[in-house]
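Single-letter residue listing:
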Amino acid sequence: MTNKNDSNNIPTTADPDPFLTSQSTRRVQEGEFVLLVFADNRHAFAQALKHQRGKSPSVKINKRTYSTSVLVGLPYGTVLELNKQSGLVPLEEGEDVLPDYDDLMEEEEEEDNFEKVHNEERDNRHLVDDNTSQAITAQELHQMKDDPSLCGAKIVKTIIKNSASFNTKTSFSKAKYIKKKQMKYQPRCRLVRCTSSSICQALFLKDPRKIMNLREDALAQILSYSNISAGSKVLCFETTMGLVTGACAQRMGGYGMIHSIYTGNAPAFIDMIARFNLSFVEHTSIKWVHAGHLFHDQDHPEEESKGEDLDVVERNKLVWPCPLQKHTQDYLLSIESEKKQREFLQRRCGRFARKLTRPTPDENAISVMESEKKCDSLILACTYDPKNTLFTLLPYLETSCPFVVFCEYMEPLFECFQKLQDEKLAINLRLSDTWMREYQVLPNRTHPNMNMSQNGGFILTGVKLCPVHGKNELDDDLMKEIRLAIGGRRGKKRRQEVPAKNSRKQSRKDGGD
């Protein structure tokens, strides 16, 4: 007899990924970083925290501080309005960052009616900007802004009502005027998830020089050309505030290894990596390697390798379970609540566990330099000389694997292109740049934006050849003989046959005569 319950033991769905312990949800979790995107294309980073003690402060917008505790539990895409009394107020679903202004228009006009809009008699030829059309003074407007009982919508309505030139404007001018006042007196923002694209766009709009003018479309090309995927081993050297390193970690999902090269005493962009909301395994997949280990002096390498690794010596002194020191025991006894004592011990255990399991920078460098398996991808996006940097790190890249070099200027990449081509170290070399322009898409007024970014940088891509087996065994003289025997390049044989055909036609004419 068969048991009827045996069929219930068969799993019907796939088991959850053990690496993705914190599954990305549609709602904001406590401690996550989010982006607040305003109607004027401003971006502000904020961390959703219920308790601010001992952590980063609240978000600061327009010289005012707002608490981020209301963000916890909200779905991404929610529109929030800035209120002086209530702070960040989440609005109902369906609201936009720009409020609907149909009720503010004196006459109901259909925007999709092309003939009505373009045949109206009003225009802006008689408008004079002399600050006399507004009946409200600056002092009265300042008092309205300081009044907590007045919301932004009432202020905008009052300003439009007291404008003498509002009714003489065209429908397009009215919409632009209302939009400008709403952005100033009724600010709203949208809750956006922190991804590599949104973070890159926010940093580019704030200060593009800090990230080498790297746009989100150029970042997407870097990830695509370098073939970043789960299980890859990536070597990355970048000075874009950790943008490329965080994007690689987020794309790989904790599977694989990222060797990120840094200069100085410690990595300078740890705070930016935290804004990607990476899980524990995604964080541990990033291995920090000091530039001094890879760009050492080639003439005296033995002098730099002397000395012990102090981090390894300190780690070897630790034992598990780690005994508490005297001052730590005294502090633990001073804690009255047993729950707080348990939380304190858990934090201490986590700290010592990280010390015991965390590899040192020297060990990370050894895994790059002396490992049997070389890197699968090489990404360079730094302010240093691309040619010297590329040819120093190229031996650590496996053959038939891609490399990507990003630079703000074309001339250094052209030198790399020429040297790689002359020494026959790579194939499929390509030097490209992307031209991007944003468009305003509105009824009857769709046109390109007046302001745009001139250039998003240049990208050099290629595939490394094997230095031993990647060479052509046929020399140039032998290739010339083969081409002559075959008939040359495509189209060359046809050109030689053209005079022969003409001579045949001429002989036929002579024979006919």
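This report concerns the structure included in the present document. Remember, it's a predicted structure, so these values are computed and weren't measured experimentally.

Among the secondary structure elements, Val405 is positioned in strand E12 (residues 402-407). You can call Val405 buried: its relative accessible area is 1%. The spacing of Val405 and Ser226 is 179 residues in sequence and 9.7 Å in space, taken between C-alpha atoms.

What follows covers the sheet that holds strand E7 (residues 188-193). In a beta sheet, neighbouring strands pair by backbone hydrogen bonds and run either parallel or antiparallel. The sheet built from five strands is open, its strands ordered E2-E1-E7-E5-E6 with antiparallel pairing. Each edge of the open sheet carries a strand with a single partner, namely strand E2 (43-47) and strand E6 (87-90). Taking each pair of neighbouring strands and ignoring which way they run, the sheet shows an average axis angle of 35°. Taken together, the five bridges between strand E1 (residues 33-38) and E2 define a ladder with antiparallel strand orientation. Bridge assignment links Val37 to a residue of E2, and that residue is His43.

Here the focus is the side chain of Lys181. Relative to the helices and strands, Lys181 resides in helix H4 (residues 171-185). For Lys181, a relative accessible area of 18% translates into the label buried. Ignoring sequence-local partners within four residues, the contact set of Lys181 consists of Val156, Ile159 and Gln186.

In a packed pair of helices, the relevant descriptors are the angle between the two axes and the axis-to-axis distance. Direction vectors running N to C along helix H16 (residues 386-393) and helix H17 (residues 410-423) enclose 40°, while the axes themselves pass 8 Å from each other. In terms of orientation, H16 lies oblique with respect to H17. Here Pro386, Lys387, Leu390 and Phe391 of H16 lie close against H17, whose contacting residues are Pro412, Leu413, Glu415, Cys416, Lys419, Leu420 and Glu423. Here the contact of H16 with H17 is built from residues that sort into seven nonpolar, no polar and four charged.

Together, Leu478, Ile482 and Ile486 line one region of the surface with nonpolar side chains, adding up to about 260 Å² of accessible area. Of the residues examined, Ile482 reaches a relative accessible area of 34% and is grouped as partly exposed.

For the rest of this paragraph, the subject is the pattern of salt bridges. By the definition in use, this model includes nine salt bridges. We note a salt bridge from Arg188 to Glu81, for which the minimum N-O separation is 3.2 Å. Of this pair, Arg188 sits in strand E7 while Glu81 sits in strand E5 (residues 79-83), and the two are 107 residues apart along the sequence. Take Arg188: its relative accessible area is 7%, and that puts it in the buried class. Close ionic contact of Arg215 with Asp217 constitutes a salt bridge, the shortest N to O distance being 3.0 Å. Like Asp217, Arg215 is buried. One salt-bridge network, in which partners are shared between bridges, spans Glu81, Glu95 and Arg188.

The phi angle at Asn213 is positive, at roughly 55°, despite the residue not being glycine. Checked against the element boundaries, Asn213 lands in the loop between helix H5 (196-206) and helix H6 (216-225). Given a relative accessible area of 22%, Asn213 falls into the partly exposed group.

A word on the sheet that holds strand E8 (residues 232-238). A sheet is described by the order of its strands in space; here seven strands give the open sequence E10-E9-E8-E11-E12-E16-E13, paired in mixed fashion. Because the sheet does not close on itself, it has two edges, and the strands there are strand E10 (286-290) and strand E13 (426-433). The sheet shows a mean angle of 15° between the axes of neighbouring strands, taken without regard to direction. Alignment of E12 against strand E16 (residues 458-464), held across six bridges, turns out to be antiparallel. Counterpart to Val404 in the pairing with E16 is Thr461. Along the sheet face, H16 touches E8, strand E9 (256-262), strand E11 (377-381) and E12 and points at about 160° away from the line of E11.

Moving on, we come to the nonpolar core. Counting residues in each nonpolar core, the largest one holds 39 residues, and the members touching the most others are Ile199, Leu214, Leu243, Val244, Ile379 and Phe406. Contact partners of Leu243, with chain neighbours within four places excluded, come to Ser196, Ile199, Cys200, Leu203, Ile211, Leu214, Leu219, Glu238 and Phe276. Counting 30 residues, the second largest nonpolar core, distinct from the first, contains Leu235, Leu294, Leu393 and Val405.

Attention now goes to the pairing of E12. Among the six residues that make up E12, six are buried, leaving the element largely enclosed by the rest of the structure. Across the two faces of E12 the burial is the same, with Pro402, Val404 and Phe406 and Phe403, Val405 and Cys407 all buried. In this structure, E11 lies alongside E12, joined through three bridges in parallel fashion. Pairing of Ile379 across the sheet is with Val404, part of E12. Where the polypeptide runs from E11 across H16 and back to E12, its parallel neighbour, the crossover connection is right-handed.

The next point concerns the packing of aromatic side chains. Evaluated as defined, the whole model comprises five aromatic pairs. On the basis of an interplanar angle of 40° and a centroid distance of 5.7 Å, the ring pair of Phe237 and Phe295 is categorised as tilted. Of this pair, Phe237 sits in strand E8 while Phe295 sits in the loop between helix H10 (291-294) and helix H11 (301-304), placing them 58 residues apart in sequence. The exposure class of Phe237 is buried, given its relative accessible area of 3%. The exposure class of Phe295 is partly exposed, given its relative accessible area of 30%. The interplanar angle of 20° and the centroid separation of 5.6 Å between the aromatic rings of Phe237 and Tyr384 together place this pair among those described as stacked. Placement of the pair is Phe237 in strand E8 and Tyr384 in the loop between E11 and H16, with a sequence separation of 147 residues.

Below, the discussion takes up the pairing of E2. Most of E2 is tucked away: four of the five residues are buried. Here E1 hands over to E2 after four residues, with Asn41 in that stretch at a positive phi of 70°.

The next thing to look at is the packing of H5 against helix H7 (residues 243-252). Running from N to C, H5 and H7 cross one another at 165°; their axes reach a closest spacing of 10 Å. Compared by their axis directions, H5 and H7 come out roughly antiparallel. Considering how the two elements wind past one another, H5 and H7 form a crossing that is right-handed. On H7, the residues that touch Ser196, Ile199, Cys200 and Leu203 of H5 are Leu243, Ala247 and Gln250. Tallied by class, the residues present in the contact of H5 with H7 amount to five nonpolar, two polar and no charged.

Conventions adopted
- Residues numbered from 1 in each chain as written.
- Predicted model: local features only at pLDDT ≥ 70, side-chain atom pairs only at ≥ 80, totals over all residues.
- Heavy atoms only, no water.
- Helix = DSSP H or I, 4+ residues; strand = E, 2+ residues; numbered from the N terminus.
- Buried < 20%, exposed > 50% of the residue type's maximum accessible area, 1.4 Å probe, protein only.
- Pairing = 2+ DSSP bridges.
- Axes fitted to C-alpha atoms, helices over the stretch in contact; angles between N-to-C directions.
- Contact = heavy atoms within 4.5 Å.
- Parallel < 35°, antiparallel > 145°, perpendicular 65-115°, else oblique.
- Nonpolar A, V, L, I, M, F, W, Y, C, P; charged D, E, K, R; others polar.
- Patch = residues over 30% accessible without salt bridge, like charges linked within 9 Å, V, L, I, M, F, W, Y side chains within 5 Å.
- Areas by Shrake-Rupley, 256 points an atom, 1.4 Å probe, with all protein chains shown as cover.
- Salt bridge = Lys/Arg side-chain N within 4 Å of Asp/Glu carboxyl O.
- Core = buried A, V, L, I, M, F, W, Y, C linked by side-chain atoms within 4.5 Å.
- Right-handed = clockwise from strand over helix to strand, strands pointing away.
- Phe/Tyr/Trp six-rings, centres within 6.5 Å; stacked < 30°, edge-to-face > 60°.
- Left-handed = near helix turned anticlockwise from the far one by under 90°.

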